[in-house]
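Here is how the chains run, residue by residue.
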Amino acid sequence: RTFGLTPEDPIIMHSRMDYPLGSVVALTPLMWQTRAKRVPCSGFGDRYNSEVLGAGKCTADQPCDPKRVTQYRSKVPSKRTGRTQSIYLTYSEDALFCVDRSEQEETFKDKSWSPWASYEELTEGREMNAVDFGGDKVFYKFVPSMDYTEAPVVGESPLRENECD
């Protein structure tokens, strides 16, 4: 298969950055964030996810609807062949979310990597509970390396389901 080269087989993007904000405490890096509650969308973001990106509508195991993927066409022809190349992308989940900033989340599923994470935690997330910090509900994580802020690339994780059975 030629992922990305045809609209039926786009490159499928997965979210990997669960902790985009950081601050530092005296002894170790600490990543933290507040999260607004997600609410159903009914506007631009919802239409863009479903009609333009086709977010969550296909997997690597089945062909995608060619009308529901995003095409990026190169402006510069290949020096070797003279052809212009297109790359097709979609997302495994909604790329845009609607939130209610007046309310903060109390729980969150963290899919980012750690040496102790199980297969389920990397694929489905580990439930975290918010703690009160300066009047906000905050999710935090100690991170000795930036690797701890990202989920593994799907299909590239050395840990597979039932690995230890």
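Residues numbered from 1 in each chain as written. Predicted model: local features only at pLDDT ≥ 70, side-chain atom pairs only at ≥ 80, totals over all residues. Heavy atoms only, no water.

(A) Spotlight on the packing of aromatic side chains. Applying the stated rule across the entire model yields 2 aromatic pairs. Each ring, one from Phe44 and one from Tyr48, has its centre 5.5 Å from the other, and the planes form 25°; the classification is stacked. One end of the pair is Phe44 and the other is Tyr48, both in helix α1 (residues 44-53) and 4 residues apart, which spans about a single turn. Using a relative accessible area of 64% as the deciding quantity, one classes Phe44 as exposed. Judged by relative accessible area, which is 28%, Tyr48 ranks as partly exposed. Between the NZ or CZ atom of Arg38 and the centre of the ring of Phe97, over which it lies, the distance is 3.5 Å. (Phe/Tyr/Trp six-rings, centres within 6.5 Å; stacked < 30°, edge-to-face > 60°. Helix = DSSP H or I, 4+ residues; strand = E, 2+ residues; numbered from the N terminus. Buried < 20%, exposed > 50% of the residue type's maximum accessible area, 1.4 Å probe, protein only. Lys NZ or Arg CZ within 6 Å of the ring centre and 35° of its normal.)

(B) Looking closely at the sheet that holds strand β1 (residues 11-13). Strand order in the open sheet formed by 3 strands is β1-β6-β5, and the pairing between neighbours is mixed. Here the strands that pair on one side only, and so sit at the sheet edges, are β1 and β5 (70-73). Sheet twist, expressed as the mean angle between neighbouring strand axes with direction ignored, is 30°. By the bridge criterion, 3 bridges tie β1 to strand β6 (residues 86-91) in an arrangement that is parallel. The residue of β6 that forms the bridge with Ile12 is Thr90. (Pairing = 2+ DSSP bridges. Axes fitted to C-alpha atoms, helices over the stretch in contact; angles between N-to-C directions.)

Honestly, that's just the spatial picture; any functional story needs more than this.
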